[in-house]
Structures are given as structure tokens and as C-alpha cells.
Amino acid sequence: MFYHVQSLINPIVDDQPDPSAANALQEGLGGQFGEMRTMMQYLFQSFNFRGDGIPYLDLIQGIGIEEISHVELITKTISRLLDGAPEYHGSKFDVPGKGGDPVMDMAKDQKNPHHFIHGAQGALPVDAAGNPWSGSYVHNHGNLVLDLMDNLVLESTGRLQKCRIYQMSSNKTLRATVAFLIARDEAHEMAFAKALETLGVNWGKILPIPKFDSSQYPEVKKLIDAGINREQYTFRLDGSEMGKIFQGSSPSNDGTELVTLKEPKNSYPIPPAPERPEEFAPGLDPDLQKLADAFTEFKDKTLKDMEAKAGPNPRAKKKK
């Protein structure tokens, strides 16, 4: 079972809308080496895991669960890069462009007009060329060593591509998210390399890939200084044996130590997505809006009445 916390694993930084940057970032989401593949590959490997090598199962599954949060982060970043690219300033309940003015005229000139036709200025499960994500990307060999090697290559290729995407745009929204993913991909490289190391394979001389000092990217340096490229999270409520593998010296032989934690030290609020009348999204007419507002008021009143009946929380008093 999975439990979801309504928070982001990294904050989304504000900058101007940039549909071209959004399309480049689609490769990091739905491409052959993107976050959708890492999520599905590690989860399928964990679901199909055989034998009693529980520390390896916990390692693969913990990273797979983290990848769910990466998919959420990157989709919301793409949406932020698209949101308001054509911005409508008319009344919410007017028909956009009712006078004949094409309010999304710019959309037809974008690298992926499907962002505006299919996605209502939101992310799509496709790569940067618009090709749909495919389950054939997922590798689950059923052999632990081969799966770990495949995962190491996947993380290394994904990190390489994210470094290239970082260099394609100076947009702060894109760079903040990509920088975080570069740092976390390096942590995952270390995780799979360390697992292979415990099985007699030494990857220390070639990692990380690409082999360069990623602290030259200022956004990545801040994250490295905070140590997140040497942390891995279990996301388990019932205990995990991941720490039996993800511990000790880093396979990159740089003097750093690997640390297993239950969850990331920080989380960040999910920014609400504004309505987009020019996309007819979400499309509430005045009558439906009244019903939605009435339901919200009823829910808030019910919660307040329940809290009043329950009285003060003794634990809250104790905390104070």
C-alpha cells in the first residue's frame, strides 16, 4: 500500500512561461530515459522480486516510490512553464475569443501544440517529439544483478540527458527542477552502484555519469552542499532494510558517506493551478460554480462543528 502526502519533494521556482522549455522537459518526463520509465521500471522490479534478498528489494522499491514524486514534480513544472503562455484577461464566465480574436494564436507556433490542444496547458505522457510513453521502455529481467546494472545505466543516461536539458534554457522554473533531479539521479546512481558493489562489482572508477563536477551548476551546488545527492529514502511506515546496502563510503570515491533516511528532510506546498478560461478548463458555468461554492462552505462549516464538539486537543496543549 502507498500513502500520499500532498506536498512536493522540491519547490517550483517562479519565472516567465516558456513553452519551448516545457517541451524540452517532456523528454525528462515521458522519454525513454525519463521519470515515467524509472518509476515504472523500479516498481515492476519490486512487485516481481523473487527470493529473500530483502535489502535489495527495499532499495529498488524505495527509489521507485521516490520516482512517483519526481513524476509529480516534473509534470507540475511543465504545467507552470506552460501556464499563462497565452493568458486570458476576460471574465471567467465569458466565452474566450467571442469577438473573433484567437486568444491562443501563439499555440499553433509552439514545438508541441498538443500542450494547448490536448493538455489545457498541462504536461502530457509523451517525449519531446510528442511520441507517447511506452511500456516497452520498462526492463524487468528477473535477475537481480542484471536489473541493478540496467537501473544504473538508466539513472546515468537520465542524468546525462537532464544535464543537456539544463543547458538548453536559462528559465529558473526549468533549471530549479532539473537541478534537483540531477542531484537525485546521482544519489540513485550511488544506490545501484553500492548494491552491485555488495555483490562484488566495483563501479567506483566510472561514476557518476556524466563524470564532471556538477557543483558548477549553481542550483545543483546548493543541493550538493545540503547533501541530498548522498541520501536515499525508504518511504516505509513498517521498517526497511535498505540501510544494509545504502551506507558507508560512496562508490564515487570522493570521501562522502551514504545515508539512508525514512523520508526527505523537507517538503514543499503544491502551488494551486489557476483556471484557464481560454482552454475551457475546468469549465464551471455560473450554476455549477454556485454548487461548488456551496459544497465548500458546507464542508468548512461541518469541520468547524466537529472540531467544536470534540473540544480542545489535549496533545496540542501539551505541545505548547
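Residues numbered from 1 in each chain as written. Predicted model: local features only at pLDDT ≥ 70, side-chain atom pairs only at ≥ 80, totals over all residues. Heavy atoms only, no water.

### Looking at the sheet that holds strand β1 (residues 231–233)
Moving on, step 1. If you walk across this open sheet you meet the three strands as β1-β3-β2, and the pairing is mixed. Looking along the sheet, the strands with just one partner apiece sit at the ends: β1 and β2 (248–249).
Moving on, step 2. Pairing analysis gives two bridges linking β2 to strand β3 (residues 257–261), with the strands arranged antiparallel. Directly across from glycine 248, in β3, lies its bridge partner leucine 258.
Moving on, step 3. Where helix α6 (residues 172–198) meets the sheet, it contacts β1, β2 and β3, and its direction lies at approximately 80° from that of β1. (Pairing = 2+ DSSP bridges. Helix = DSSP H or I, 4+ residues; strand = E, 2+ residues; numbered from the N terminus. Contact = heavy atoms within 4.5 Å. Axes fitted to C-alpha atoms, helices over the stretch in contact; angles between N-to-C directions.)

### Quick look at helix α2 (residues 35–47)
Moving on, step 1. If you check α2, its first and last C-alpha atoms are 18 Å apart, about what 13 residues at 1.5 Å a residue would give, namely 18 Å.
Moving on, step 2. Taken across its 13 residues, α2 has ten buried, putting it largely inside the fold.
Moving on, step 3. Within α2, the full set of buried residues consists of Glu35, Met36, Arg37, Thr38, Met39, Gln41, Tyr42, Leu43, Gln45 and Ser46.
Moving on, step 4. Where α2 is buried, its residues contact α1 (19–30), α3 (54–82), α5 (144–166) and α6. (Expected span 1.5 Å × (residues − 1). Buried < 20%, exposed > 50% of the residue type's maximum accessible area, 1.4 Å probe, protein only.)

### Looking at the pattern of salt bridges
In a structure, side chains of opposite charge can pair up when their charged atoms sit close to one another.
Moving on, step 1. Across all of its chains, the model carries 19 salt bridges by this definition.
Moving on, step 2. The closest approach of N and O atoms between arginine 236 and aspartate 238, which form a salt bridge, is 2.7 Å.
Moving on, step 3. Residue arginine 236 is classed as partly exposed on the basis of its relative accessible area, which comes to 22%.
Moving on, step 4. Aspartate 238 gets classed as exposed once you look at its relative accessible area, which sits at 61%.
Moving on, step 5. With a shortest N-O distance of 3.1 Å, lysine 301 and aspartate 305 are connected by a salt bridge. Of this pair, lysine 301 and aspartate 305 both sit in helix α8 (residues 286–310), four residues apart, which is roughly one turn of that helix.
Moving on, step 6. Among the charged side chains, a salt-bridge network with shared partners connects Arg159, Glu186, Arg230 and Asp254. (Salt bridge = Lys/Arg side-chain N within 4 Å of Asp/Glu carboxyl O.)

### So, unusual backbone geometry
Moving on, step 1. A cis amide bond, omega -5°, links isoleucine 209 with the succeeding residue proline 210.
Moving on, step 2. Along the chain, proline 210 falls in the loop between α6 and α7 (218–225).
Moving on, step 3. Positive phi outside glycine occurs at asparagine 253, with the angle close to 55°.
Moving on, step 4. Following the sequence through the fold, asparagine 253 ends up in the loop between β2 and β3.

### Description of the pairing of β3
Successive side chains on a regular strand alternate, one facing one side of the sheet and the next facing the other.
Moving on, step 1. Pairing of β1 with β3 involves three bridges; the strand directions are parallel. Counted as the bridge partner of tyrosine 233 is leucine 261 from β3.

### Focus: the packing of α2 against α3
Moving on, step 1. At a minimum axis distance of 8 Å, the contact between α2 and α3 shows a crossing angle of 150°. In terms of orientation, α2 and α3 fall into the roughly antiparallel class. For the pair α2 and α3, the crossing hand works out as left-handed. On α3, the residues touching Glu35, Met36, Thr38, Met39, Tyr42, Leu43, Gln45, Ser46 and Phe47 of α2 are Leu57, Ile60, Gln61, Ile63, Gly64, Ile65, Glu67, Ile68, His70, Val71 and Ile74.
Moving on, step 2. Looking at the contact of α2 with α3, its residues break down into twelve nonpolar, six polar and two charged. (Parallel < 35°, antiparallel > 145°, perpendicular 65-115°, else oblique. Left-handed = near helix turned anticlockwise from the far one by under 90°. Nonpolar A, V, L, I, M, F, W, Y, C, P; charged D, E, K, R; others polar.)

### Things to note about α6
Moving on, step 1. Its 27 residues place the ends of α6 39 Å apart at the C-alpha level, agreeing with the 39 Å of an ideal helix rising 1.5 Å per residue.
Moving on, step 2. The buried fraction of α6 amounts to 24 of the 27 residues, a majority that puts the element mostly inside the structure.
Moving on, step 3. The N-terminus of α6 is capped by asparagine 171, whose side-chain oxygen sits 2.8 Å from the backbone nitrogen of threonine 173.
Moving on, step 4. Positive phi appears at glycine 200, one or two residues downstream of α6, with a value of about 95°. (Polar contact = N/O pair within 3.5 Å; in protein donor to acceptor, adjacent residues only side chain to side chain.)

### Some points on the confidence of the model for the protein
Moving on, step 1. Scored by pLDDT, the protein comes out at a mean of 91, with 97% of its residues at no less than 70.
Moving on, step 2. By mean pLDDT, helix α9 (residues 314–319) is the weakest element of the protein at 47, and α2 is the strongest at 98.
Moving on, step 3. Below a pLDDT of 50 lies the segment residues 315–320, which in the model reaches one contact outside its immediate sequence neighbourhood of four places, other chains included. (pLDDT = per-residue confidence, 0-100.)

### Quick look at the nonpolar core
Moving on, step 1. Judged by nonpolar contacts, the single largest core of 36 residues is most densely connected at Leu25, Leu174, Val178, Phe180 and Ile182.
Moving on, step 2. Elements supplying a minimum of two residues to this core: α1, α2, α3, α5, α6 and α7.
Moving on, step 3. Not counting the four nearest positions on each side in its chain, leucine 25 is found in contact with Ile74, Thr77, Ile78, Leu81, Ile165, Leu174 and Val178. (Core = buried A, V, L, I, M, F, W, Y, C linked by side-chain atoms within 4.5 Å.)

### Remarks on the packing of aromatic side chains
Moving on, step 1. Considering all chains together, one arrives at six aromatic pairs under this definition.
Moving on, step 2. Through a chain of ring-to-ring contacts, the aromatic side chains of Tyr166, Phe212 and Tyr217 assemble into a single cluster.
Moving on, step 3. The cationic tip of arginine 175 hangs over the ring face of tyrosine 166; the distance from NZ or CZ to the ring centre is 3.9 Å. (Phe/Tyr/Trp six-rings, centres within 6.5 Å; stacked < 30°, edge-to-face > 60°. Lys NZ or Arg CZ within 6 Å of the ring centre and 35° of its normal.)

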